[in-house]
Structures are given as C-alpha cells and as structure tokens.
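For reference, the chains in residue letters:
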Amino acid sequence: MGHGYYSEDLIEKIRYSNDLVDVAAEYTKLKEQGNSYIGLCPFHNEKTPSFNVNPDRQLYYCFGCGEGGNIFNFVMGLEGLNFIETVEYLANKADIDLPTRDSSQDKRRRNKKQQIFAVHKLATKFYHYLLLESEVGNQGHQYFLDRGFNEETIKKFRLGFAPDRWEQLYKFLSRKDYSKEILAKSGLVIPRKNSSGYYDRFRNRIIFTIFDHRGQPIGFGGRVLSSDDKPKYLNSPETPIFDKSHHLYGLNLAKRTIRKKEEAIIFEGYTDVITAYQAGIKNVVASLGTSLTKEQAKLLHRYAEKVYIAYDADTAGAKATLRGLDILKKEGLVVEVIQLPIGQDPDEVINENGPSKFKELIEQAVPLIEFKINSILPEKRFKDIDDKVAAFKNVLPVLNQIEIEIERDEYLGFVAEKLGIKEKNIGVLKRELNKYRKYKVQGNKDIKSKNRYNNTNDLKKELDKSQTSGYDSAIKGLIQIIINHHEFIPKLKQRLKPDEFIDDKYRQIIALIYRFYEANTDFKVDDLLEEINDQEIKKLLLRLSIQDVVSGDLDKMFFDHISKVKEHQFRMKIDNLDQRIKQAERENEFSKLDQLLQEYQKYQGLLRKEGN
Ligand SMILES: [Zn+2]
C-alpha cells in the first residue's frame, strides 16, 4: 500500500492487534451464527440483518448494500478517516506506539475534530501524570484511595488531577503547537475577558476522564476536593467532539461484558461505575448527569437487551428520570429498576455491604411498570373508597401504557392488591381502565371529542356498592338511634370507642355525641346541632334526626347495627393484615410474618363470632 508513513510490518502488527468483530460491534449489534457474526448493516438502513463478519478471515460483507472489506476499510468507511488516520486510530486502540510524524504541515492536514481528539488525549495524559507522579497531585491521589479505588483501577479509568494553577494545562498544550482556536474549541481552556490570554477550565479538581465507546477521551468531569468550593462537579462544555447526551460514562470498558450478558446497569455517578467495576460488576455505565436520551438508548441497545437503573431513591422517582426510562423502553430495551436502600448510593452499598449485596438488589429489581405503580401508590392504607378511587385514577395512565392485555390484567391485580380492593372487584377496575383507554384513543383522534374521561363516579358507585355492603347504613342507623333515643348512648359507648370507626367523618360525629352527652344532663338534638361548625356533619345529623321513623324492635336493630359495624371493621383489618403478610413474605421477614399471622387469626376468630 502506498502510504509512505509507516512500515508494512507495523501496519500488519496493528491489523492483527485489533479484532474486526470487536470493532464492528461498536457500531452494530452482532450475533454469533455458525462460524460468523451477523447484524444490521452499519453502512445502510435495514430491518433484517444482512451484514456479516467472518472472524477467522477478519473480513466483512453486507449482502444488502455490497459494502465489504477488512478492518481498515471498515473504519475508514464509518469514521470518515483516511488510511493514515485509520492506522493511527487502530494503533491507539491497540495501545501501539507510533513513530512521530509531527511536521506542522501534517497537523494542519488533519481535520479540526482530529486535533481536538488529540488535545484531549494529551490532556488525559497530563492530568493522569500529575495525579500519579507529582507532589501537587498527592491530595487527589489520596482522595481516590480513600474512596477505595486501587492503583490498577485509577490507571484503568485514567483518573487525574488538575492543579490549582491558572495556566498549567494551557501552557502545556501551547508548547505542543496547537492553535489557540483549537485549544479554545476543545473547551479545556477559556479565553480571558479582558486580555488576549487563556486560562484552564479545570483547576484544583480531581478529574474523571470521559471516553467515547471507542475509548477515545472526549471530555472531563472535575470534582472539588473541599466541599466549600463550588460547583461540586464541573463538566466539559459541549464541543465538536463532546455532546454528553450522546455518550455514557464507562461504556468503553463495559461494552464487552454488556455484550456478553446482554445486560447493562446504569448509574448516576462516575464513582458508582468505578466502584462496581472494581468489585467485578463490569457491565456498568453512568448517564453523565442528564436524563437519558434517545441517542444513549440507541447506543446501549447495540450491546444490551435489558437495562437496570440504579439511581438513588429520590432521583429514580423524579419525572425527568421516568421520562428517560420510557425512552429506553421505546428503543426496545427491557427496563428494570434496582431499589436502593434509602439514603445509600450504589457505591456505598458495594463498599459497606459488598458486591454480593448489590447483586442481591439486582435480582430483586422490579419491572419499570411496577416501579411506576409503586411510586404513585405509596405503601399505606387507603382508608376509604374516595381515597382508593383517587389513587386508581392516578395509575390509569401507567396501566394504559401496557400494550399486552394479559400483562395489563396482571398489573391490574397488582394495583387492586395494593389498594386493598378485593379480587372479585377487579372486573370493575378493568371496565374503568377500558373506558379510559377508549377515551385516550378517541381523544387523540379528535381533540374536541365529547367523549371525555373526567370523572370516576361510576367506579366509586360500583366499588361502594360491593365493598361497604351495609356498613354505611349500619352506622347511620346507629347514629339515628342514639340521637333520637339517647338512652342508647351509654350502651354504644361500652361497645364501640370513637377511634374504632374507620372514617374520619363518623369518628368525629360519634366523639361529638359522646362528649355532648357527658356534658349535658338534658340531651337535646337542637343544642347539639348548635355546637357543630362543620356544615357537612351538621346536615347529616339534621337529616338523621328528622328521619326518625324507627319502628320495630329498637334493641334488635341496635345490636344488628353494631354487629355490622364490627364485622366491617374486622374485615378491613383482615384485608390490611393480608396485604402486610404478603409484603412480609416477599421480603422474607419471618419474625414479623409470625406476628402478623397471629393477629390475622385473632381477627378471623372475632369475625366468625360476630357473624354468628
Ligand atoms: Zn449494508
């Protein structure tokens, strides 16, 4: 080959030090098939794979568009490099040193982007050298060691240190004969406002080098050493070679493992990635502080089918994060969320509890849909139908995202369990969901559609009907009896304390009546009503006192009502225990489970007694 720069021997060495399968896999997802690898062609757009790589011959060919050749052709074609640049690119990948060819004319020939790449490579060496070899870098070095990183890890991730000087990097790069224009474009130095000079962007910071997935340094993240300095993290600005929404920190090192496992873990921070990698969990990347983008999703999907998210609890639930996770899902990735102990970062979990604990958390990761439902429906008791209906309304958009009906039904059951809605009422929920889905489809077609989904009255009515089954009327009956026949008040007081009533409204009313009865020897409903400020309660009591048409056996009615109320309370208690038992089973909390089961049996017994 007539290149004239490097010897044939050197070029052959570079050729054999790179594997075309690895290089091609950086551009498209490859699957082993027989004795070759196939995938979607990176040279043309296609839906079914016709791109072939033969690992033994180190050749590729696309049956769709006819592109083919060796590793040099491949890189030239996709990176837009000439032959010499391709040789340099592949030499760099294989860590092979090249003889310098540094005439300033050559440098000008290389395009600006290549020069900015080269500047970053120099800066990486500069920061890394200062960290490891210089006095000024000691404190940075010590910081990383204190974080638990070993020397091998520090080298592998090319961690560095930017000294507390204004022009150290600038002077170093200037000596290398790069133009001021290139240095400014690299984002590593900043023009001074009042004079013609430049100063370093990163000063007195430890440095995380950001590589693209091919392993070229493209930017830096700098963290302060003292918590007084601001901002805590400073990243490279957008440059011709760095757009943070297109890259993932750590992917250059993680991609082989990700490809093998077809799974990736996404963290928030650089240190999470480094800690996990050092602990042997190597399929890890970080999202560079932004919410995930389509480009990042596509990049990951080249290597992975499934993605785990390991953000701290606050970030994971944030709207921007959830949007990012939807983007991953839209790109066809399976998304699961790792739930971290509250207040702990992934690197803290690994450092304090070991990688095995973190692997446990991976096993317990929940599907994205379940995670969303959990973040909308907190672990609590939903005290009445209104509460449950409101909560169900909030999860409708999430349930609506599920496209497969069986899966939708399954999650409907999951939601019902969380809300404490009985299994027999799932049909009611399903009808409501279908109503919502129908509205969504039509609403999207026609914005003016009259078929609006805005109230859940039907749902409430239906649930009310089946769930409270006489409870409400029993309480009303009791109140009716005691305000009109106050000799029943002490009898009721013996049997039901105000705080045994589940609903706020009734609890207040009963407490009010008891108090009024204690304070007044002469119980008059008019006087009682005088003391009530709450208009809703006032109206209800008024209605009940006027409606006093009680006839028949008052005693029997009184005790029947009490029975009904108690029965309902026991059922609610049992439902609640049932949920907590299921949760304790899931979390293997056996001592808690034992206690809950005892309580469960107690209430079952009480319920049977009341039923007789
Ligand atoms: Zn092709």
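- Going by the annotation in an unreviewed UniProt entry, the name recorded for the protein chain is DNA primase, with Halobacteroides halobius given as the source organism.
- Under the UniProt heading Catalytic activity (unreviewed entry), the note attached to the protein chain is "ssDNA + n NTP = ssDNA/pppN(pN)n-1 hybrid + (n-1) diphosphate."
- Its UniProt record, at the heading Sequence similarities (unreviewed entry), says of the protein chain: "Belongs to the DnaG primase family."

### Looking at the overall build of the protein chain
Reasoning step 1: A count of helices and strands for the protein chain gives 28 helices and 16 strands.
Reasoning step 2: Here the protein chain has a C-alpha radius of gyration of 35 Å; the compact-globule value for 612 residues is 25 Å, and the former is much larger.
Reasoning step 3: Seen along its three principal axes, the alpha-carbon backbone of the protein chain occupies a region of about 115 × 60 × 55 Å.
Reasoning step 4: Taking all 612 residues of the protein chain together, the buried fraction comes to 47%.

### What to know about the pattern of salt bridges
Reasoning step 1: Evaluation of the coordinates by the stated rule reveals 24 salt bridges.
Reasoning step 2: Put simply, Glu167 and Lys171 hold a salt bridge, and the shortest N to O gap is 3.8 Å.
Reasoning step 3: The exposure class assigned to Glu167 is partly exposed, which follows from its relative accessible area of 25%.
Reasoning step 4: Notably, a salt bridge pairs Lys430 with Glu405, separated by 3.1 Å at the nearest N-O pair. In this pair, Lys430 is assigned in helix 20 (residues 426-445) and Glu405 in helix 19 (residues 405-419), connecting sequence segments 25 residues apart.
Reasoning step 5: Taking relative accessible area as the criterion, Glu405 reaches 43% and is therefore assigned partly exposed.
Reasoning step 6: The network of salt bridges with common partners includes Lys29, Lys31, Glu262 and Glu305.

### Some remarks on the sheet that holds strand 15 (residues 334-337)
Reasoning step 1: In space, the 5 strands of this open sheet follow the order 13-12-14-15-16, with mixed pairing throughout. Either end of the sheet is taken by a strand with one partner, and the two such strands are strand 13 (284-286) and strand 16 (366-367).
Reasoning step 2: Sheet analysis places strand 12 (residues 263-267) next to strand 13, joined by 3 bridges and oriented parallel. Across the sheet, residue Phe267 finds its bridge partner in strand 13, namely Ala286.

### Some points on the UniProt feature "coiled-coil region" (unreviewed entry) in the protein chain
Reasoning step 1: As annotated by UniProt and renumbered to match this structure, "coiled-coil region" (unreviewed entry) occupies residues 567-594.
Reasoning step 2: Annotated as 89% helix and 0% strand, the span residues 567-594 places its first and last C-alpha atoms 24 Å apart.

### So, the sheet that holds strand 3 (residues 51-54)
Reasoning step 1: If you walk across this open sheet you meet the 5 strands as 1-2-3-4-5, and the pairing is antiparallel. Two strands lie at the open edges of the sheet, namely strand 1 (30-33) and strand 5 (68-69), each paired on one side alone.
Reasoning step 2: Bridge count for strand 1 against strand 2 (residues 36-39) is 4 bridges, and the pairing is antiparallel. Bridge pairing links Leu30 to Gly39 in strand 2.

### Remarks on the packing of helix 6 (residues 112-133) against helix 9 (residues 168-175)
Reasoning step 1: Packing of helix 6 against helix 9 leaves a shortest axis separation of 11 Å and a crossing angle of 130°. By the angle class used here, helix 6 and helix 9 are oblique. The two elements helix 6 and helix 9 meet at a crossing, and its hand is right-handed. Across the interface between the two elements, Val119, Leu122, Ala123, Phe126 and Tyr127 from helix 6 touch Gln168, Leu169, Phe172 and Leu173 from helix 9.
Reasoning step 2: Across the contact of helix 6 with helix 9, the residue classes tally to 8 nonpolar, 1 polar and no charged.

### Considerations on the UniProt feature "zinc finger region: CHC2-type" (unreviewed entry) in the protein chain
Reasoning step 1: Listed under "zinc finger region: CHC2-type" (unreviewed entry) in the UniProt record, and renumbered for this structure, are residues 41-65.
Reasoning step 2: Annotated as residues 41-65, this span is 0% helix and 32% strand, and its ends, taken at the C-alpha atoms, are 8 Å apart.

### Brief notes about the environment of Leu159
Reasoning step 1: Along the polypeptide, Leu159 turns up in the loop between helix 8 (151-156) and strand 6 (160-162).
Reasoning step 2: For Leu159, a relative accessible area of 0% gives the class buried.
Reasoning step 3: Measuring from C-alpha to C-alpha, the distance between Leu159 and Leu131 comes to 7.6 Å, with 28 residues separating the pair along the chain.
Reasoning step 4: Not counting residues within four places of it along the chain, the set of residues in contact with Leu159 comprises His128, Leu131, Phe144, Phe149, Ile154, Ile207, Phe208, Tyr249 and Ile274.

Conventions adopted
Residues numbered from 1 in each chain as written. Predicted model: local features only at pLDDT ≥ 70, side-chain atom pairs only at ≥ 80, totals over all residues. Heavy atoms only, no water. UniProt positions renumbered as here; feature names shortened; annotations may be inferred. Helix = DSSP H or I, 4+ residues; strand = E, 2+ residues; numbered from the N terminus. Rg over C-alpha atoms; globule rule 2.2 N^0.38 Å. Buried < 20%, exposed > 50% of the residue type's maximum accessible area, 1.4 Å probe, protein only. Salt bridge = Lys/Arg side-chain N within 4 Å of Asp/Glu carboxyl O. Pairing = 2+ DSSP bridges. Axes fitted to C-alpha atoms, helices over the stretch in contact; angles between N-to-C directions. Parallel < 35°, antiparallel > 145°, perpendicular 65-115°, else oblique. Left-handed = near helix turned anticlockwise from the far one by under 90°. Contact = heavy atoms within 4.5 Å. Nonpolar A, V, L, I, M, F, W, Y, C, P; charged D, E, K, R; others polar.

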